[in-house]
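# Summary of structural features
For reference, the chains in residue letters:
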Amino acid sequence: MRLERIYDWKVGQGFVERDPRTLDPNLRKEDTIRLGHISDTHLGKNAPGQRRRELRRWLDGFVQMDIDAVVHSGDLVESPEGDESLRWAFSLFDELPVPLFGVPGNHDLRAPGGSSAVTEHWGPYPRKEEIEDLQLWLFDSMAWPPVEERSQREQESARNSGFYSRGAVGAEQRAAVKAKWTTPRKGARVAVVHHHVYQPVPQKPWYEKNADLMAPLEDAKPFLRLLREGGVTLLLHGHRHQYTAPYSPFEDLVIVNGGSVTRQAWPKRARLIDVARTGVSMRIWEFVRFS
Ligand SMILES: [Fe+2]
């Protein structure tokens, strides 16, 4: 894995891009929690052996760089009935010396609002995990809307492909988390959801043609409002495999698109994020692999 870009970010000050030739990812600032972020592994899809090797290589690399936890932002498998892929993945994660937390993607369960072997293993949602002082808030963006509220085109597409593509966190999850965020935040808060919250500029004609199906999180607006009210300074997501640089649509929140760590033929990307224990600043180390 090659270090491609480094971004420093601070609340109210935005990003400063650093020269990757001048910083060593093995050296990490004090008072930070180091997360490894991976996404969209789609295990079981074409060239399954290669995908497994890719995933293992990323995780081995991260462990060598002293991470505190790994976060997977969904689409662990291509199909939730892929028992063998799931067994393989969960035993790999169990071997890690650090915890791995994940949220479901639209490939990880068949029916919106339902469950699967992936959600049973990784869930429930929403919930909080603690990594020292850092709170990790996990959301299920396949919880809503129900099938009958989805467009005819999406329902037809799901009949053909077996998957629904759109998603929302839904009022229930938002209310449940809001009720827990009545006390002010002390340490860093990070949120994880599968769907993107803004539509990036399409890089492939397929995305343009299917923009309605690959739409952002349906309740992105109230979801982002909730995160900011709760003092969340970092949101990790997946779903869109294309690379977008981390961005900060508000002065107090960074959004990171996971890309895909295993996708064939595309550069694969993953990152380390050193989050200050207070959450007010972070360093993002972007890694790339072309093979
Ligand atoms: Fe997805």
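Residues numbered from 1 in each chain as written. Predicted model: local features only at pLDDT ≥ 70, side-chain atom pairs only at ≥ 80, totals over all residues.

Take the sheet that holds strand E9 (residues 234-237) next. The six strands lie next to each other as E6-E7-E8-E9-E11-E10, forming an open sheet whose pairing is mixed. The open sheet is flanked by strand E6 (127-131) and strand E10 (247-250), the only strands paired with a single partner. Adjacent strand axes in the sheet meet at a mean angle of 25°, parallel and antiparallel pairs treated alike. Relative to E9, strand E8 (residues 189-192) runs parallel, the two being bridged by three bridges. Paired with valine 190 across the bridge in E9 is leucine 234. (Pairing = 2+ DSSP bridges. Helix = DSSP H or I, 4+ residues; strand = E, 2+ residues; numbered from the N terminus. Axes fitted to C-alpha atoms, helices over the stretch in contact; angles between N-to-C directions.)

Quick look at unusual backbone geometry now. In this structure, proline 126 follows tyrosine 125 across a cis peptide bond, with omega equal to -10°. By the secondary structure assignment, proline 126 is in the loop between helix H3 (117-122) and E6. Located in the positive-phi region is aspartate 40, a residue other than glycine, with phi close to 50°. Of note, aspartate 40 is situated in the loop between strand E3 (32-38) and helix H1 (48-64). Accessibility expressed as a C-beta count within 10 Å gives 24 for aspartate 40, which makes it buried. In this model, histidine 239 sits at a positive phi of 75°, which is unusual for a non-glycine residue. Tracing the backbone shows histidine 239 in the loop between E9 and E10. On the basis of neighbour count, histidine 239 is assigned to the buried category, with 25 C-beta atoms found within 10 Å. (Buried ≥ 20, exposed ≤ 12 C-beta atoms within 10 Å, placed from the backbone.)

On the basis of which strands lie adjacent, the open sheet formed by seven strands has the order E2-E1-E13-E12-E3-E4-E5 and mixed pairing. Whereas interior strands pair on both sides, the edge strands pair on one side only; in this sheet they are strand E2 (14-18) and strand E5 (100-102). Averaged over all neighbouring strand pairs, the angle between strand axes comes to 25°, with direction disregarded. Strands E3, strand E4 (69-72) and strand E12 (268-276) of the sheet are contacted by H1, whose axis makes an angle of about 25° with E12. (Contact = placed C-beta atoms within 7 Å.)

Turning our eyes to something else, we now look at H1. With 17 residues, H1 extends 25 Å from end C-alpha to end C-alpha; this agrees with the ideal 24 Å at 1.5 Å per step. Turning to H1, its buried residues number three or more, namely Arg51, Glu54, Leu55, Trp58, Leu59 and Phe62. With its buried residues spanning 125° around the axis, H1 presents them on a single face. Among the exposed residues of H1, those oriented more than 90 degrees off its buried face are Gly49, Gln50, Arg53, Asp60 and Gln64. Buried residues in H1 make contact with E3, E4 and E12. Downstream of H1 by one or two residues, aspartate 66 has phi in the positive range, about 60°. (Expected span 1.5 Å × (residues − 1). Arc of directions from axis to C-beta.)

A word on the environment of glutamine 199. When you line up the elements, glutamine 199 lands in the loop between E8 and helix H6 (205-209). Beyond its immediate stretch of four places on either side in the chain, glutamine 199 contacts Ala215 and Pro216.

This part is about the nonpolar core. Among the nonpolar cores identified, the biggest contains 66 residues, and Phe139, Val190, Ala191, Val192, Leu234 and Val275 are the most heavily contacted of them. With five residues, E12 is the largest single contributor of residues to this core. Excluding its chain neighbours within four sequence positions, the residues that come into contact with alanine 191 are Trp137, Phe139, Leu227, Val232 and Leu235. (Core = buried A, V, L, I, M, F, W, Y, C linked by C-beta atoms within 7 Å.)

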